[in-house]
Amino acid sequence: MQRKVINPTTVFNALQYGFSQAMEVPQGRRIMLSGQVGVDADERTVGPGIAQQTAAALDNIEKVLAEAGGDLSHVIMLRLYIVESARDQQEPIAQALRERFPQDPPPSSWIIVSGLSLPDWLIEIEAEAVVPFSTESSPT
């Protein structure tokens, strides 16, 4: 699948934070994921910290995409909802994004919120992906 990231020099360097300014994807199956939080398959919140919860949320995104025939390389947009109490802990989030998306990272929006559904949750990540058409699901 052909993807083109857009990072003009006329705006700030988003790559240092683990995301791109924009991405162009000409074709594929668009997959919209629900917000993922730092919980395991048994709905237990992982670790108390933002780093562990961010990693678990990204793991969950990866698992959902795998079920749809995709992977993290197909992510075209992220929306990160970060609780106010974790506002000053954004470097572990940026580090996780740089590790998971080392090349041509997707664009993202980082939104500070007063809270999430459970008080232990520090971050929720929504993702959009475009997965290439397979031979079985190719449009006719």
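Residues numbered from 1 in each chain as written. Predicted model: local features only at pLDDT ≥ 70, side-chain atom pairs only at ≥ 80, totals over all residues. Heavy atoms only, no water.

*Asks:* What should I look at first to understand the sheet that holds strand β4 (residues 75-83) in this one?
*Replies:* Within a sheet, adjacent strands bond to each other through the backbone by hydrogen bonds, running parallel or antiparallel. Judged by pairing direction, the sheet is mixed, and its 4 strands sit side by side in the order β3-β6-β4-β5 without closing on themselves. Taken across any chain shown, the strands that pair with only one partner, and hence form the sheet edges, are β3 (29-37) and β5 (108-113). Mean inter-strand twist for the sheet, computed between neighbouring axes without regard to direction, equals 10°. Across 7 bridges, the pairing between β3 and strand β6 (residues 123-131) is antiparallel. (Pairing = 2+ DSSP bridges. Helix = DSSP H or I, 4+ residues; strand = E, 2+ residues; numbered from the N terminus. Axes fitted to C-alpha atoms, helices over the stretch in contact; angles between N-to-C directions.)

*Asks:* I tried to follow the packing of helix α1 (residues 50-67) against helix α2 (residues 90-100) on my own but got confused; where do I start?
*Replies:* When two helices pack together, their arrangement is given by the angle between the helix axes and the distance between those axes. Interaxial distance between α1 and α2 falls to 9 Å at its minimum, and their mutual angle equals 35°. As α1 runs across α2, the sense of the crossing is right-handed. Taking contact as the criterion, the partners of I50, A51, T54, A55, L58, D59 and E62 in α1 are, on α2, P92, I93, A96, L97 and R100. For the contact of α1 with α2, the per-class residue count stands at 8 nonpolar, 1 polar and 3 charged. (Left-handed = near helix turned anticlockwise from the far one by under 90°. Contact = heavy atoms within 4.5 Å. Nonpolar A, V, L, I, M, F, W, Y, C, P; charged D, E, K, R; others polar.)

*Asks:* Hey, could you run me through the packing of aromatic side chains in this one?
*Replies:* Here a ring pair, both rings aromatic, is described through the centre-centre distance and the interplanar angle of the planes. Throughout the structure, instances matching the rule amount to 3 aromatic pairs. Relative to W110, the ring of F19 lies with its centre 6.2 Å away and its plane at 50°, an arrangement referred to as tilted. Of this pair, F19 sits in the loop between β1 (4-6) and β2 (22-24) while W110 is found in strand β5, placing the two residues 91 residues apart along the sequence. W110 gets classed as partly exposed once you look at its relative accessible area, which sits at 24%. (Phe/Tyr/Trp six-rings, centres within 6.5 Å; stacked < 30°, edge-to-face > 60°. Buried < 20%, exposed > 50% of the residue type's maximum accessible area, 1.4 Å probe, protein only.)

*Asks:* Where do I start with the side chain of S108 in this structure?
*Replies:* Topologically, S108 is positioned in strand β5. For S108, a relative accessible area of 12% translates into the label buried. Reaching out from S108, the side chain makes a polar contact with the side chain of W110 at a distance of 3.0 Å. With sequence-adjacent residues up to four places away left out, S108 is seen in contact with F19, S20, M77, L78 and L80. (Polar contact = N/O pair within 3.5 Å; in protein donor to acceptor, adjacent residues only side chain to side chain.)

*Asks:* Could you clarify how one ought to interpret the environment of L80 in this entry?
*Replies:* With respect to the helices, strands and loops of the structure, L80 is situated in strand β4. Not counting the four nearest positions on each side in its chain, L80 is found in contact with I93, L97, S108, S109, W110, I111, I123, E124 and I125.

*Asks:* Just to check I follow, could you spell out a nonpolar patch on the surface for this structure?
*Replies:* On the surface, V11, F12 and Y17 cluster together into a nonpolar patch covering about 280 Å² of accessible area. Examined against the element boundaries, F12 turns out to sit in the loop between β1 and β2. Residue class for F12 comes out partly exposed when judged on its relative accessible area of 47%. (Patch = residues over 30% accessible without salt bridge, like charges linked within 9 Å, V, L, I, M, F, W, Y side chains within 5 Å. Areas by Shrake-Rupley, 256 points an atom, 1.4 Å probe, with all protein chains shown as cover. Salt bridge = Lys/Arg side-chain N within 4 Å of Asp/Glu carboxyl O.)

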